[in-house]
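One-letter residues, chain by chain:
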Amino acid sequence: MNKNDFIIRLETKNDYYEVENLAREAFWNLSFPGCSEHYFMHVLRQHEAFIPELDYVVEYKGKTVGSVMYSVSKLIDENGSEKPVLTMGPICVLPEFQRKGLSKMLLEYTFAKAVEMGYDTVINFGNPDNYVARGYKSCKKFNVSLENDCYPAALLVKELKAGALDGRKWVYYQNNADAPCDNEEEVERYDSLFPPKVKAWQPIQEEFYIHSHSSITW
Ligand SMILES: CC(C)(COP(=O)(O)OP(=O)(O)OC[C@H]1O[C@@H](n2cnc3c(N)ncnc32)[C@H](O)[C@@H]1OP(=O)(O)O)[C@@H](O)C(=O)NCCC(=O)NCCS
């Protein structure tokens, strides 16, 4: 595969089904039997926090093989000052196109766009394996916690501009765009619009549980 065959471009309405189907292929059975990321994309695009200018896909010979989306969230410091930050996700690449540097291409491209738009920080929950090579660090290193003073191991922070978080204590308030995904019936209904797929347990779901329930305490 030639790197020049991959085109990064903004998502259009015509891509929605194919992109959601690719998310379904990428996330299926990863964190629990089935997945909800295709439904999340559907509701995220309609949420006020969604940033259409950072909604990019990678195309290969007319086929959409990767996608990344962003939304706005906020950090609040101890004096109550608010700072808008980017929440990255979902990001996904079709399984047969993974480990070829496509998410690297997508992230580096969209980080540069984000800087042009004036953002200086990107935050997301995720498996550190996927992000540390992109310059993300533990939230603890930037003094960014959740409201209950918890520093989740999966809460990853990247300064797009060095020093943007300047060492003060911050609390991360993620937008609530993913709240509808808790509605299992709706997720199920939306899933029925796609080709049938078998839900199954696999060991990686335990890894996901461990990552998503761990926090850093020292
Ligand atoms: C995670 C995902 C988006 C990565 O996309 P990708 O195109 O395969 O990633 P890349 O080939 O660009 O690799 C990026 C880096 O992550 C590393 N990496 C990728 N997958 C990895 C894995 N499973 N384990 C360890 N490292 C991994 C690569 O070695 C690479 O590091 P490098 O830049 O130092 O070479 C893709 O695997 C995917 O869609 N997975 C399913 C959905 C998902 O988990 N999304 C992220 C939610 S947290």
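Below is a short write-up of the structure. (Residues numbered from 1 in each chain as written. Predicted model: local features only at pLDDT ≥ 70, side-chain atom pairs only at ≥ 80, totals over all residues.)

### Considerations on the site of the ligand
Here comes step 1: The immediate surroundings of the ligand are formed by 18 residues, with Q98, S103, K104, G126 and A133 found nearest.
Here comes step 2: Breaking the shell around the ligand down by element, the ones donating at least two residues are α1 (16–27), β4 (82–93) and α3 (102–116).
Here comes step 3: A per-class count over the shell around the ligand returns eight nonpolar, six polar and four charged. (Near = placed C-beta within 6 Å. Helix = DSSP H or I, 4+ residues; strand = E, 2+ residues; numbered from the N terminus. Nonpolar A, V, L, I, M, F, W, Y, C, P; charged D, E, K, R; others polar.)

### Here we look at the environment of C150
Here comes step 1: Mapping C150 onto the fold places it in the loop between β7 (144–145) and β8 (155–159).
Here comes step 2: A count of 12 C-beta atoms within 10 Å places C150 in the exposed class.
Here comes step 3: Among all residues touching C150, those that are not within four sequence positions of it are S145 and S215. (Buried ≥ 20, exposed ≤ 12 C-beta atoms within 10 Å, placed from the backbone. Contact = placed C-beta atoms within 7 Å.)

### Considering the nonpolar core
Here comes step 1: By size, the foremost hydrophobic cluster in this structure holds 44 residues, and its most contacted members are V68, L86, L106, V122, V144 and V157.
Here comes step 2: Setting aside residues no more than four positions away along its own chain, V122 makes contact with V85, L86, M88, F111, A114, K158 and L160. (Core = buried A, V, L, I, M, F, W, Y, C linked by C-beta atoms within 7 Å.)

### As for unusual backbone geometry
Here comes step 1: Residue P90 is bonded to the preceding G89 through a cis peptide linkage, with omega at 5°.
Here comes step 2: Here P90 shows up in strand β4.
Here comes step 3: One non-glycine residue with positive phi stands out, namely N29, at about 65°.
Here comes step 4: With respect to the secondary-structure elements, N29 resides in the loop between α1 and α2 (37–44).
Here comes step 5: According to the C-beta neighbour criterion, N29 is partly exposed, with 16 such atoms within 10 Å.
Here comes step 6: Positive phi, normally seen in glycine, also occurs at K61, with a value near 50°.

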